[in-house]
Each structure stands twice: as structure tokens, then as C-alpha cells.
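An overview of the molecular structure
Letter by letter, the chains look like this.
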Amino acid sequence: MRKTYYKAKIQGNVLIIQENGKNEKHYVLNETFSGIQEVHEKKIVLKSTQTDDLRLSFSSNGEKEEWTQRLRKAMSTNSHEKGAINIRDVAVDHPSLNSQKGTKKIEISIWDFSGNPKYYSIQSLFISIRSVFLVTWRMDKGDKGLKSLNFWFNSLSAHLPPHPDDEQGKPFYSIIVVGAFEDLDGEGIQEKTQLREKIQQIAKENRINFPIQFFQVSSKTLSNIEELRESILLTSLYHSYMGERIPTSFTSIEKEIIRLRKIHKEFPVIEINQLIEGCLFSPNINDLTPDLIRSSLSTFHGSGECIYFSTPEALNNIIILSPEFLIQDILSPLVSYQGVSETGIVQHCDLIDIWPNHRDFVPTIISLLKKYQFLFWVQQVDDFYNQYSIIPYFLPKTELHNFVRYWPLQLPENQIEHEFIIKFNVLIPDLISRLFVQLGTYLYEEMIWGTGGLFKIENVLVYLVVEYSENQIKFIIRGDDHVQQDNTSLQKLFEENIQIVSTSFQGVVWFQK
């Protein structure tokens, strides 16, 4: 009789069980099971809320008790409080790979973007065009669930180039829409053809003008799961970057990145010169140039190996050797800290508690996040730990109650007022947040909220008003009779900062109205 052996492990709040070294099954503990029941000194039963109960056997009572504690801890974790992005690398095989010499498997890096709104500001840092994007919604929610696609379509259209194909007609990226909970009736599951038409219309309304694949799936019945998997693999294999010839020197550079990651494992952030110096000792790199290094880094960034941005200029000298470090060690604890995502304010005295394992690097981290246009700090006093930082993305959207104290409703005597408007094809909160960070040095009397702010440049006040419904930013300028003369230089200053910010949004186009 053939024996079946199982291996099990817990990642976050997910239980992973593998049968005979294959056939992995994943269970979200706090969604799939309601509790744990002990039935034998070496056995427990996980009581299911969806399908059959799951029985687990252990080699000893001590092992059973250890696993019981771990399972209870994982089941008590709020599933919505998982990391901002959960990364998992897998190697899969496919029949089409057999025809390619020396290739048996393809490596895929899966980045699960959390549905928690407080993590949206983080996720934009990690969107790569070398991707298949799975946009999901709950089919049992009917048209209300379908409308939730608007957010992700709008965000993707801002971050990605509007035309997904290269000169040969092969795509850089693809979008697949996945309707989950197909097995539930909810508000009414609609016909697939009808849904496909609605999805394509929503995409078009968000400036996505190319065909989108659509699948209806159920994690309970596993309906269409295999078809979805097949489509993901075939779609990715057709992408323009698949099969591209990578210079031999890139392999040596990648090995150096891995070596440096081990050396700097406590704080894996380096300057590009450190990578260049390390590569000089490699016998396989004879034609090393700064352009070659930067080209390789852009490739590795696109595949999730490291984080590197060639623009803006403030970032093209910085390499984060581990994306997981920035996500799990730095950004997730920051935005999850009490009150931060509600107020947009980070007291520096709390940073030791937020990053207890990196207390020696706290000022460096804040400086780094400013370069990433994530936050800026308000320097009221000399002591860093008595200061605070502002994350504009999380600021309340309502105007501050004391704003009229600094910007009276009536234009003061001896002052003149002028305004200009910048229009966008799409305007999203992440772009506005980054713009506020860029303008942080000009902030006047801390007058800033999610849709507006007051800035002072020399003796001129500028009231910035964000109008999302019109996809525009209005700049109202007040000052003495020199305002008219200074208007051109002020407008140029704001346009330069908009240009710096917009380099991170390949789908955004802007112009003066």
C-alpha cells in the first residue's frame, strides 16, 4: 500500500500543506477555519467554515502542542492586516518550455498587493511593466463589486505606458481580470459575455484601450483555476522581454548584488559606487561602465531583484538590495503604526518603536523616504527626535479650520491675485502626495491637507487647490505688485516639480490650461 507523506508550514496566516513533495494546498487560516479541536494526544482537527474539516497528525505530543500554539496565533491574525505586499517566488514548468534548449522551468515572482487602502501609497513604488497584472473583484457583490475595478484600472493607467506593445507588437505587460467567489449567488452572478463587455467598458473609461482577459474562479470548487494558471503562463511567455539576450556581464553584476545583500543584510541600502567597486574585482566584467551598471539595475528592478530608479535624480545613486526590506521592515510598520494612516503625521519620537531593529539608521531612513517622495519632515527644532514628518497621502481631505487666518477670504489691500491651472489626463492621490513632498520646503505655517496647501516662496503666497473631479490643480498666487512680474518664474518652479513627480507615472500627461 502506497503511503502518503505530508509536509506543512505556516506563512503569515496561511497554512501550506504539500503531499509527497508536490501538490501544494494553501489555506487562509482565519478565513477557512473557525477553531481547533483536539481529538487525540497527537492529532488535532481544524473546524472548517467552508468545506470539510482538516485533520492533522504529529509525530509527538510536544510537536502537536507547538503547532497548536502557532495555528491559534495565525488564526487570530486579522487577514486584512497582512503586509503591504506579500512576495512569493515559484518555479513552474510548462509543455511549451520543452522546446527551448536547456529550459525546463520558468521562475515567477508573485506580488500579492493587499486590498487594505492604507497600503496603496506603498504599492506604487513596486509596479513594474514586466508583469501580468491580476485585478480581482468579488462576483457575489454584483455591480457594486464590479465597480471596485475602477480604482485599480485608474491606478494602472497612471503608472503604466498607455501602449503595452513594443515595435514588434509584443506586450510589455498584460492585465487579467479575475472574478472570485463564482460559487456564491450574492447579488446575482451575471453571464460571462455580459460581464466581459462591462469590464472592457470600465477599462476604457479608465484609459485602458486594449483587450483584457477575464476569468471567473472559485477557490472553493477550484473552478477555472487551472485555466487561469495556464493563461498566466502563456501570456507571460509571449511578453517582449521573455527570451531576451542578457549580457554576460549582467550575470556577474547580479552575483555581486547577492554578495552585497549578504554583507549589508541588516540595512541593505547602498550607493551605486559600492556596486561598481565590487564589480571591478570580478574577472568576468571587462567592459564595465556606469551606463551598463544602470541598465542592469533597471532590468533587475523590473524583475523584483532590487529597487532602483534612474529618475528622479535624487534616486539614481541609491540601490535597495532587497525589496522585502523596504516593504516589510520599513514601510509596512510605518503606515501600520497607531494613528499614522489616519492623520498623516509621524512623530519622530515614535520611530524607535516603529523600527526597533534599525534604531541606528532612523534619520537615514527618513531621508531615504523623502527621496522616494513618500514623506517630508517639518524642522521646527534642532533635535531630530522632537520633530515630525508628514505623509501627505494620509492627510485628511478637508481644509484646515484655521486656514483663513493665513489666507483671508477677501483679498487684502495692496495685494493682487493671479492664478493658473495645470490639467492632467488622470490625477491620482499618489501623484499629489509626491508633489506635496517635493514642495515641502516651501510649506507655510503647516497649512496642508489632502487636497490643498499653502506655500510661501520669498514674499509670495501660493494656494494650491487639487480638483480631482476636473483632473486639475489650481495655483492661486497673492502678493504685492511684483506678483505679475514673478508669476512666470513661480509657474516655472511648480511645473518643474510636477515634471519631476510625473516621471514616476508613465501614463500621465499634463499641460497648462
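Residues numbered from 1 in each chain as written. Predicted model: local features only at pLDDT ≥ 70, side-chain atom pairs only at ≥ 80, totals over all residues. Heavy atoms only, no water.

1. Thoughts on the sheet that holds strand 18 (residues 443-449)
The test is simple: Any two strands between which DSSP finds at least two bridges are classified as paired. For helices the rule is a DSSP run of H or I covering at least 4 residues; for strands it is a run of E covering at least 2, with both sets numbered from the N terminus onward. Interaxial angle, 0 to 180 degrees, is taken between N-to-C directions of lines fitted to C-alpha atoms, where a helix line uses only the stretch in contact. It only takes one pair of heavy atoms within 4.5 Å for two residues to be counted as in contact.
In space, the 6 strands of this open sheet follow the order 18-19-20-21-17-22, with antiparallel pairing throughout. Looking at the sheet topology across the chains shown, the edges are occupied by strand 18 and strand 22 (510-512). Strand after strand, the sheet turns through a mean of 20° between neighbouring axes, direction not considered. Bridging between strand 20 (residues 460-467) and strand 21 (residues 472-479) involves 7 bridges; their strand directions are antiparallel. Each residue of the ladder has a partner; that of Val462, found in strand 21, is Ile477. Running over the sheet, helix 16 (residues 429-438) touches strand 17 (416-424), strand 18, strand 19 (452-457), strand 20 and strand 21 and is turned about 170° from strand 20.

2. Here's the deal with helix 9 (residues 272-279)
Our working definition: For each residue, the accessible area found with a 1.4 Å probe, counting protein chains only, is set against the maximum for its type, and the residue is called buried under 20%, exposed over 50%, and partly exposed in between. When we speak of the arc, we mean the arc of directions from the helix axis to the C-beta atoms.
Residues of helix 9 that are buried include every one of Ile272, Leu275, Ile276, Gly278 and Cys279, and no others. Down the axis of helix 9, the buried set is contained in an arc of 165°. They therefore lie on one face. The elements touched by buried residues of helix 9 are helix 8 (248-263), strand 12 (269-271), helix 10 (290-302) and strand 13 (318-320).

3. Looking at the side chain of Ser322
Along the chain, Ser322 falls in the loop between strand 13 and helix 11 (323-336). When its relative accessible area of 14% is taken as the criterion, Ser322 is described as buried. Dropping the residues within four chain positions of it, Ser322 is found in contact with Arg261 and Pro268.

4. Regarding the sheet that holds strand 10 (residues 174-180)
Strand order in this open sheet of 3 strands is 9-10-11, and the pairing throughout is parallel. Pairing within the sheet leaves two strands with one partner each, and these edge strands are strand 9 (132-138) and strand 11 (213-216). The sheet shows a mean angle of 20° between the axes of neighbouring strands, taken without regard to direction. Across 4 bridges, the pairing between strand 10 and strand 11 is parallel. Within strand 11, the residue paired with Val178 across the bridge is Phe215. Most of the contacts of helix 5 (residues 149-159) go to strand 9, to which it runs at about 160°, and overall it touches strand 9 and strand 10. Against the sheet, helix 6 (residues 192-205) contacts strand 9, strand 10 and strand 11, and its axis sits at roughly 135° relative to strand 11.

5. Here we look at unusual backbone geometry
Residues Thr311 and Pro312 are joined by a peptide bond in cis, for which omega reads -5°. Within the secondary structure, Pro312 is located in the loop between helix 10 and strand 13. For Leu222, which is not glycine, the phi dihedral falls at a positive 65°. Mapped onto the secondary structure, Leu222 falls in the loop between strand 11 and helix 7 (225-237). Even without being glycine, Glu445 reaches a positive phi, approximately 55°. Along the chain, Glu445 turns up in strand 18.

6. Looking at the layout of surface pockets
Cut-off, in case you're wondering: Space inside and on the surface of the protein is sampled on a 1 Å grid over the protein atoms alone, with a cavity defined as a set of points where a 1.4 Å probe fits but cannot get out and a pocket as an open set with protein on both sides within 12 Å along at least 5 of 7 lines; lining residues have an atom within 4 Å of a point. Grid points are joined across faces, edges and corners, and a volume is the space filled by probe spheres set on the points.
The computed volume of the second largest pocket comes to approximately 640 Å³. Considering every element that reaches the lining of the second largest pocket, the biggest residue donor is helix 10, with 3 residues.

7. Examining the pairing of strand 9
Because side chains alternate across strand 9, one face comprises the buried residues Phe133, Val135 and Trp137, and the other comprises Val132, Leu134, Thr136 and Arg138, none of which is buried. Across 7 bridges, strand 9 lies against strand 10 in parallel orientation. Bridge pairing links Leu134 to Ile176 in strand 10.

8. Structural notes on the pattern of salt bridges
Here is the rule we go by: Every case where a carboxyl oxygen of Asp or Glu lies within 4 Å of a side-chain nitrogen of Lys or Arg is listed as a salt bridge.
Per the stated rule, a full pass over the model turns up 8 salt bridges. For Glu256, the salt bridge goes to Arg259, with nearest N and O atoms at 2.7 Å. Note that Glu256 and Arg259 are positioned in helix 8 at a spacing of 3 residues, about one turn of the helix. On the basis of relative accessibility, which here comes to 8%, the residue Glu256 falls in the buried class. As a salt-bridge pair, Asp430 and Arg434 come within 3.5 Å of each other at their nearest N and O atoms. One end of the pair is Asp430 and the other is Arg434, both in helix 16 and 4 residues apart, which spans about a single turn. Residue Asp430 is classed as buried on the basis of its relative accessible area of 8%. Its relative accessible area of 7% is what places Arg434 among the buried residues.

9. Remarks on the environment of Ile476
Mapped onto the elements, Ile476 comes out in strand 21. Sequence separation between Ile476 and Glu419 is 57 residues, and the spatial gap between their C-alpha atoms is 4.3 Å. Not counting residues up to four positions away in its chain, the partners in contact with Ile476 are Trp407, Glu417, His418, Glu419, Leu461, Val462, Tyr463 and Val465.

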